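Chains, contacts and geometry: an overview
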Amino acid sequence: MKNFLVTIILLSLTVLFASLQMYWGGLVYFALSCLIILCIYWIVIFCRQYYFDYHLSFDEEFKIYCVNIINSTSVTTQYVNDNIEYYKKQFKKSLIRDKLIDISKILVALSIMVVCIVGMIRV
């Protein structure tokens, strides 16, 4: 809910400043500044989410993955424990798609921020 409110407030300020730029050209800088602040906010949120999802909760998620393997196949717990490195590698491969999506979110926000900074320099 907090993310939604911050986004709505910053986007409305951006639209307001951009629409009022015909009265004073300097308001473009305020609009771009609000957009840069929004991008920085979402970069921080996405980075924190990435860190918590893939680094702090890795062991818990791996345990759930192993339980699902044991329940869905005829593999025993002893077999999984003996080949734990193989199953960790398989689990990391299954996370690649989700990691790429999260990294692309961070890169999109970063690229929008860079475009705004370049726009501020060029204007």
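Residues numbered from 1 in each chain as written. Predicted model: local features only at pLDDT ≥ 70, side-chain atom pairs only at ≥ 80, totals over all residues. Heavy atoms only, no water.

**Topic: the packing of aromatic side chains**
In the structure shown here, the tally under the stated rule is 12 aromatic pairs. Ring geometry for Trp42 and Phe46: centres 5.3 Å apart, planes at 35°, overall tilted. Of this pair, Trp42 and Phe46 are both found in helix 2 (residues 27-56), four residues apart, which corresponds to roughly one turn of the helix. Take Phe46: its relative accessible area is 17%, and that puts it in the buried class. Taken together, the ring pairs connect Phe58, Phe62, Tyr65 and Phe91 into an aromatic cluster. Cation over ring: Lys88 sits above Phe62, and NZ or CZ is 5.9 Å from the ring centre. (Phe/Tyr/Trp six-rings, centres within 6.5 Å; stacked < 30°, edge-to-face > 60°. Helix = DSSP H or I, 4+ residues; strand = E, 2+ residues; numbered from the N terminus. Buried < 20%, exposed > 50% of the residue type's maximum accessible area, 1.4 Å probe, protein only. Lys NZ or Arg CZ within 6 Å of the ring centre and 35° of its normal.)

**So, the state of the cysteines**
Under the criterion given, the structure shown has zero disulfides. This cysteine, Cys47, is not joined by any disulfide, and Cys39 carries the nearest cysteine sulfur, 13 Å off. (Disulfide = S-S within 2.5 Å.)

**Quick notes on helix 1 (residues 2-19)**
If you check helix 1, its first and last C-alpha atoms are 26 Å apart, about what 18 residues at 1.5 Å a residue would give, namely 26 Å. Among all positions of helix 1, only Thr7, Leu10, Thr14 and Phe17 are buried. Around the axis of helix 1, the buried residues are gathered within 105° of arc, so they sit on the same side. Exposed residues on helix 1 whose side chains face more than 90 degrees from its buried face are Phe4 and Val15. Summarising the contacts, the buried residues of helix 1 are in contact with helix 2. (Expected span 1.5 Å × (residues − 1). Arc of directions from axis to C-beta. Contact = heavy atoms within 4.5 Å.)

**Let's talk about the packing of helix 2 against helix 5 (residues 84-122)**
At a closest axis distance of 9 Å, the pairing of helix 2 and helix 5 adopts a crossing angle of 160°. Taken together, the axis directions place helix 2 and helix 5 in an arrangement best described as roughly antiparallel. The hand of the helix 2/helix 5 crossing is left-handed. A breakdown of the residues in the contact of helix 2 with helix 5 according to their chemical character gives 21 nonpolar, two polar and four charged. (Axes fitted to C-alpha atoms, helices over the stretch in contact; angles between N-to-C directions. Parallel < 35°, antiparallel > 145°, perpendicular 65-115°, else oblique. Left-handed = near helix turned anticlockwise from the far one by under 90°. Nonpolar A, V, L, I, M, F, W, Y, C, P; charged D, E, K, R; others polar.)

**Let's talk about the confidence of the model for the protein chain**
When the pLDDT values of the protein chain are averaged, the result is 91; 99% of them are 70 or greater. Ranking the helices and strands of the protein chain by mean pLDDT puts helix 1 first, with 94, and helix 4 (residues 77-82) last, with 88. (pLDDT = per-residue confidence, 0-100.)

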